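# Secondary and tertiary structure notes
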Number of protein chains: 2
Amino acid sequence: MYNVGIDLGGTKTAAGLVNEAGEIICKETMPTRKGSSYSEIAEDMAGLALSVIRHSGLKIEQVRGIGIGCPGTADSEKGIILYSSTFGFVGSPLVKEVQKNIILPVFLDNDANCAALAESIAGAAIGSESSVAITLGTGIGGGIVIGGNVYRGFNYAGGEMGHMKIALDGEACSCGRKGCWETFASGTALISQTKKAAHANPESIINKLVKEDMGKIDGRTAFEAAREGDATGKMVVEKYIGYVSDGLINIINILMPQVVVIGGGVSNQGEYLLKPLRELVSAGVYGGKNIPQTEIRLAKLGNDAGIIGAASLGKK
Amino acid sequence: MYNVGIDLGGTKTAAGLVNEAGEIICKETMPTRKGSSYSEIAEDMAGLALSVIRHSGLKIEQVRGIGIGCPGTADSEKGIILYSSTFGFVGSPLVKEVQKNIILPVFLDNDANCAALAESIAGAAIGSESSVAITLGTGIGGGIVIGGNVYRGFNYAGGEMGHMKIALDGEACSCGRKGCWETFASGTALISQTKKAAHANPESIINKLVKEDMGKIDGRTAFEAAREGDATGKMVVEKYIGYVSDGLINIINILMPQVVVIGGGVSNQGEYLLKPLRELVSAGVYGGKNIPQTEIRLAKLGNDAGIIGAASLGKK
């Protein structure tokens, strides 16, 4: 049997046909009609799901169901988006709406939860009894998997690791608080830290790498400069990894998951990011070396995690 | 049937016979022989358990088992204390040792986990699908209960909420990090904040309340001064409750438990603490009023929580 997973994003919607091994055998994408009503978006998703099934050459009877990962708080039991700032949905019955257009069971969850589930089932955290997946991207996303199941909290809104305050007075965060982890350790925060450092240190290689155009600084620039031996680049990277470790140690002290999976754009730095991160975390967690330590691993599934996780929602 | 619960503390050991309703029907305490080996402490606990059963007038056949709550990291499956800084235990097989002296099944868990379980079974969080119990005392203790079971993490060391960094640069914490929640929001932190404020504001009522003897300042002093309208007292209390809310919002954003139970010495301030705390938390949690909110309640079981929770370990 197969399952369809849909990753509903702010700019594009991706649907994939996923086999029992958690592999995508066929994938299609379309632009998301952002600003449209939930019923229009539901219609698009149903159409994309049918299209990916058709193009795969499979019959609809070979598909068990359709899972959707959506940004925001998803009541996965009732199939309703309780709240999504991305789409402006409040209490939108997305599952019911998709089912008007397609005759398969439909399942729904938050997109970061889907990604965490995917890494746990078919990615970096396979076989772990518990895992936390962290995405260092525009913001910081988080998902918790315990005993093979997504932990959502009583109101389905858990896992908002990015909105954990790590500084009493810090930059204002989109959530309304100050000093959230996201404002220090997201990819966006790294870019802003790199810009500030480049500005304050005109001799830094960073300025050469972007040909003096600050607008070209991205999440890779500081790492690239650091690899070339640039002092400013090294300082930015070291401080940034320190911020990442601050939040990570907090999460580990509370949840002690067997595995933490690091994904998102910044995770492309691989061991250059993970090696110092592991050292900081190992030195900082409560209990230290007297107890078994959480393993920190790189995400394996990249952008496909959302689809694979969403597809697996229908398997239970 | 009945269960014995033992709360093994650094200074005293308390054992209680607990009925099916989670009520203590008979209780005894003895000083803890701190500095002794784990086998001597185990012998004491077995003796105390037998004594409390004898004095209750019950037969040993009416007792299902004995549960022990111990400070530190407890491998509840193997019955071993992996690490306890309080006693200096490392890999100590406490359960096996107690069973040398008594012919009943013996169970073991961390003491804060026992307290959280007790509040969930017979206290402030009865009937909730998930709860987090926070103890604002000498340090900050924490326990997580999900679906009626203690969540311990893969290495049994989860729930260390007190060691969540909320300030980048703060006071050094006993755990080795800086800026831990415990250094801002424990009872000990409140006392230190009260002392500093009293010293800086000689006109404050705080100084009169303790007859100019700073050594007499305790966790109640600032609240007492604030209730009498003292500006310094009010400022200390307001800032302190802000720190409590900072960590609480972090925990809620990650776990979204249905109920948070606040215990420990500071919780004796009751609604004077909880009312402003609820307002801060409600305004600060991610998703705000678009989603159902976590309830914050006062602990109900006080010092008995450890015994009641430990007793319930043997019920499953």
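You'll find the structure just up there.
Let me sum up the structure you'll find in this document.

Cut-offs and rules
Residues numbered from 1 in each chain as written. Chains lettered and ligands numbered in written order. Predicted model: local features only at pLDDT ≥ 70, side-chain atom pairs only at ≥ 80, totals over all residues. Heavy atoms only, no water. Helix = DSSP H or I, 4+ residues; strand = E, 2+ residues; numbered from the N terminus. Buried < 20%, exposed > 50% of the residue type's maximum accessible area, 1.4 Å probe, protein only. Polar contact = N/O pair within 3.5 Å; in protein donor to acceptor, adjacent residues only side chain to side chain. Disulfide = S-S within 2.5 Å. Contact = heavy atoms within 4.5 Å. Buried area = accessible area lost by both parts, 1.4 Å probe. Salt bridge = Lys/Arg side-chain N within 4 Å of Asp/Glu carboxyl O. Least-squares fit on C-alpha atoms with pLDDT ≥ 70 in both. Core = buried A, V, L, I, M, F, W, Y, C linked by side-chain atoms within 4.5 Å. Phe/Tyr/Trp six-rings, centres within 6.5 Å; stacked < 30°, edge-to-face > 60°. Lys NZ or Arg CZ within 6 Å of the ring centre and 35° of its normal. Pairing = 2+ DSSP bridges. Axes fitted to C-alpha atoms, helices over the stretch in contact; angles between N-to-C directions.

## Quick look at the environment of Glu77 of chain B
Residue and element names in this part refer to chain B. Topologically, Glu77 is positioned in the loop between strand 5 (73–75) and strand 6 (80–84). By relative accessible area, which is 70% here, Glu77 ends up exposed. Considered as a pair, Glu77 and Gly5 are 72 residues apart in the sequence and their alpha carbons are 17 Å apart. Side-chain polar atoms of Glu77 contact the side chain of Tyr156, separated by 3.3 Å.

## With respect to the state of the cysteines
Residues and elements named next belong to chain A. Counted under the stated rule, the structure contains zero disulfides over all chains. Between Cys114, a cysteine without a disulfide, and Cys70, which holds the nearest cysteine sulfur, the sulfur-to-sulfur distance is 9.5 Å. Overall, Cys114 belongs to the buried group, its relative accessible area being 0%.

## Overview of the interface of chain A and chain B
On the side of chain B, 45 residues touch chain A, which itself brings 44 residues to the contact. For the pair chain A and chain B, the summed buried area comes to about 4,000 Å², and 65% of that belongs to carbon and sulfur atoms. Contact with chain B buries area across many residues of chain A, yet Phe154, Ile254 and Tyr286 of chain A alone supply 19% of it, more than any other trio. The partner of Asp246 of chain B in a salt bridge is Lys165 of chain A, and the shortest N-O contact between them spans 3.8 Å. Taken together, the links from chain A to chain B amount to 24 residue pairs in polar contact (both at pLDDT 80 or more). For the side of chain A that touches chain B, the secondary structure elements donating two or more residues are strand 6 (80–84), strand 10 (140–146) and helix 8 (231–255) of chain A. Looking at the side of chain A that touches chain B element by element, the count peaks at nine residues for helix 8 of chain A.

## Comments concerning helix 10 (residues 305–312) of chain A
All names here are of chain A. With eight of its eight residues buried, helix 10 lies for the most part within the structure. Taken as a whole, helix 10 has its buried residues at Ala305, Gly306, Ile307, Ile308, Gly309, Ala310, Ala311 and Ser312. Where helix 10 is buried, its residues meet strand 1 (2–8), strand 2 (12–18), strand 3 (24–31), strand 4 (63–70) and helix 3 (111–122).

## Looking at the relation of the copies chain A and chain B
Of the two same-sequence chains, chain A is brought onto chain B (RMSD 0.0 Å, axial shift 0.0 Å) by a rotation of 180°. Here the symmetry operator amounts to a two-fold rotation axis.

## Quick word on the nonpolar core
The nonpolar side chains of a soluble globular protein tend to be buried with one another. Among the nonpolar cores identified, the biggest contains 88 residues, and Ile134, Trp181 and Ile262 of chain A together with Ile134, Trp181 and Ile262 of chain B are the most heavily contacted of them. Those residues in contact with Trp181 of chain B that lie beyond four places of it in its chain are Ile134, Ile140, Met161, Gly162, Met164, Ile166, Ser186, Tyr243, Val244, Gly247, Leu248 and Ile251 of chain B.

## Considering unusual backbone geometry
With a phi angle near 50°, Lys211 of chain A is a residue other than glycine that sits in the positive phi range. Take Lys211 of chain A: it is sitting in the loop between helix 6 (205–209) and helix 7 (221–227). Residue Glu212 of chain B is not a glycine yet carries a positive backbone phi of 60°. Structurally, Glu212 of chain B can be placed in the loop between helix 6 (205–209) and helix 7 (221–227). For Glu212 of chain B, a relative accessible area of 60% translates into the label exposed.

## Topic: the side chain of Thr32 of chain A
Residues and elements named next belong to chain A. Of note, Thr32 is situated in the loop between strand 3 and helix 1 (38–56). Within polar-contact distance, the side chain of Thr32 engages the backbone oxygen of Gly9 at 2.9 Å. If sequence neighbours within four positions are ignored, Thr32 has contacts with Leu8, Gly9, Gly10, Thr11, Lys12, Thr13, Ile41 and Phe87.

## Considering the packing of aromatic side chains
A full pass over the atoms with the stated rule returns eight aromatic pairs over all chains. Aromatic pair Tyr38 of chain B and Phe89 of chain B: ring centres 6.4 Å apart, planes at 85°, arrangement edge-to-face. Remark: Phe89 of chain B occurs in strand 7 (residues 89–92) and Tyr38 of chain B occurs in helix 1 (residues 38–56); sequence separation between them is 51 residues. Sitting over the ring of Tyr272 of chain A, Arg227 of chain A keeps its end group 4.4 Å from the ring centre.

## Structural notes on the sheet that holds strand 3 of chain A
All names here are of chain A. Taken together, five strands build an open sheet; the order of strands is 3-2-1-4-8 and the sheet is mixed. Across the chains shown, the open sheet's two edge strands, defined by having one partner strand only, are strand 3 and strand 8 (106–110). With strand direction ignored, the average angle separating the axes of adjacent strands in the sheet is 20°. Bridging between strand 2 and strand 3 involves seven bridges; their strand directions are antiparallel. Directly across from Ala15, in strand 3, lies its bridge partner Glu28. Here helix 3 sits on the sheet in contact with strand 1, strand 4 and strand 8, set at roughly 100° to strand 8. Packing against the sheet, helix 10 makes contact with strand 1, strand 2, strand 3 and strand 4, and its axis sits at approximately 130° to strand 1.

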